[in-house]
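# Analysis of the macromolecular model
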Amino acid sequence: MKNILITGAKGFIGKNLTAAFKERKDCELFLYDIDNPESDLEQFINEADIVYHLAGVNRPKEDSEFITGNLGTIESVINICEKNKRLIPIVLTSSIQAESDNAYGISKKRAEEAVIKYGMDNDVKVYIFRLKNVFGKWCRPNYNSGVSTFCHNIANGLPITVSDRNNTVNLVYIDDIVEKFIKIPDYKYGDKDKYFHEIDITYCKTLGEIVDLLYKFRDMRTELTIPDLSDSFEKKLYSTYLSYLPKDQFSYALKMNTDNRGSFTEFIKTEKRGQVSVNISKPGITKGNHWHHTKTEKFLVVSGKGVIRFRNINSEEVVEYFVSGEKLEAVDIPPGYTHNITNLGDSDMVTVMWANEKYDPERPDTYFLEV
């Protein structure tokens, strides 16, 4: 068992790192934050095998609080470690602002120097990460993250302000940080004299690119589209955006095209991955009786039972596939075969349908012909 101490455990990075470590069965967590009594810090350090020092100050009332919050907190950790001879590794989250000549950057730089001195004096491994702008779930909006503010406001129908769409932002995703951090107790990153470490995956985006993606995500519910999941940044930003949805707006209605036969509802439409729809057929109803030149489909009956019939339009032979929600079986619909599906049960039959292209009323590629 490894004993893990996380300071700033209730902060953005702290919450995500805590959640990740809780999934592991080989460690015990000690969580420290501003509302803990100071005595907890010494008690936790005396039991810890490694310290993740995430505590810090971003938006104090006075600049002097930067030193107290960013340097003073890590000095307290180091003093306890040295006093009690608990010479354990320390992971420090710093900031790219440590290279800047402002109160926040200076406090972060001095915190880095304190950790490096601790490592050198005690021949112990330390890990310093100068993080770029971090985005992801549980980040506080209207605080110190433009991405979280944009996500929150757009998801909640609030206006946003973009100073310059061409301004670039260096970004890192919270799960990429966490993935790197949870490996530290198990693996050594380089030589003991190497103090600074990097998150492997980073992004450089303009404010305009970020905002345009977020508005696209907002409109996906009405357009029935989904993100480009081959783009890792778009995938991660979409996940982040969804985490800011109001709790009463997780769901959205789909248009059900209904008649006496049942219903047909489009679910997802994409340019590159086709379209997914849901078809509901009443007992005894047959739907289809058409064929396609190029369009292909997959049918998956998930509830009820029925039969899918095929006939090559150049032949009289009819082929039958009996399908049921009791035994899930995907059925491909080849081009050049007229086909239909009949509900053979006593209740509604539900079929998930995928087509290799989204429906285009100008080019439907659908020709009616009885099987």
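Not measured: the values here are computed from a predicted model.

A separate point is the sheet that holds strand β7 (residues 168-173). Paired through their backbone hydrogen bonds, the strands of a sheet run either parallel or antiparallel. Read across the sheet, three strands follow the order β6-β7-β9 without closing on themselves; strand pairing throughout is mixed. In this open sheet, the two strands that pair with only one neighbour each are β6 (133-135) and β9 (203-206). Taken pair by pair, the neighbouring strands of this sheet meet at an average axis angle of 45 degrees, ignoring direction. Examined bridge by bridge, β6 and β7 share three bridges and lie parallel to one another. Looking at β7, one finds that Asn-133 is bridged to Leu-171.

Among the eight residues that make up helix α6 (residues 174-181), six are buried, leaving the element largely enclosed by the rest of the structure. Those residues of α6 not exposed but buried are Ile-174, Asp-176, Ile-177, Val-178, Lys-180 and Phe-181.

Here we take up the nonpolar core. Ranked by size, the top nonpolar core spans 48 residues in total, and within it Tyr-52, Phe-181, Leu-214 and Leu-237 carry the most contacts. In terms of residue count, helix α7 (residues 207-223) provides more of this core than any other element does, seven residues in total. Filtering out sequence-adjacent residues up to four positions away, Tyr-52 remains in contact with Ile-4, Leu-5, Ile-6, Thr-7, Leu-17, Phe-21, Val-91, Phe-181, Ile-182, Ile-184 and Pro-185.

All chains considered together, the criterion is met by 19 salt bridges. The shortest N-O distance in the salt bridge between Arg-130 and Glu-112 comes to 2.8 Å. Taken together, the positions of Arg-130 in strand β5 (residues 126-131) and Glu-112 in helix α4 (residues 103-122) put the pair 18 residues apart, joining distant regions of the chain. Its relative accessible area of 1% is what places Glu-112 among the buried residues. Salt bridges linked by common partners bring Glu-99, Glu-112 and Arg-130 together as one network.

Scoring rules and cut-offs
The residue numbers shown here count from 1 along each chain, following its written sequence. For a predicted model such as this one, the threshold for reporting local features is a pLDDT of at least 70, and the threshold for listing and counting side-chain atom pairs is 80 or more; totals across whole chains, interfaces and linings nevertheless cover every residue. Note: side-chain values were computed over all heavy atoms of the structure, leaving out hydrogens and water. Note on pairing: two strands pair once DSSP finds at least 2 bridges between them. Helix and strand assignments come from DSSP, with helices taken as H or I runs of at least 4 residues and strands as E runs of at least 2, each series counted from the N terminus. Lines fitted to the C-alpha atoms define the axes, with helices restricted to the stretch that makes contact. Angles between their N-to-C directions range from 0 to 180 degrees. Partly exposed residues are those whose accessible area sits between 20% and 50% of the maximum for their type, while under 20% is buried and over 50% is exposed, using a 1.4 Å probe and protein chains only. Throughout, nonpolar core names a set of buried Ala, Val, Leu, Ile, Met, Phe, Trp, Tyr and Cys residues whose side chains join them through atoms within 4.5 Å. We call two residues in contact when some of their heavy atoms are within 4.5 Å. By convention in these notes, a salt bridge is any Lys or Arg side-chain nitrogen within 4 Å of a carboxyl oxygen on Asp or Glu.

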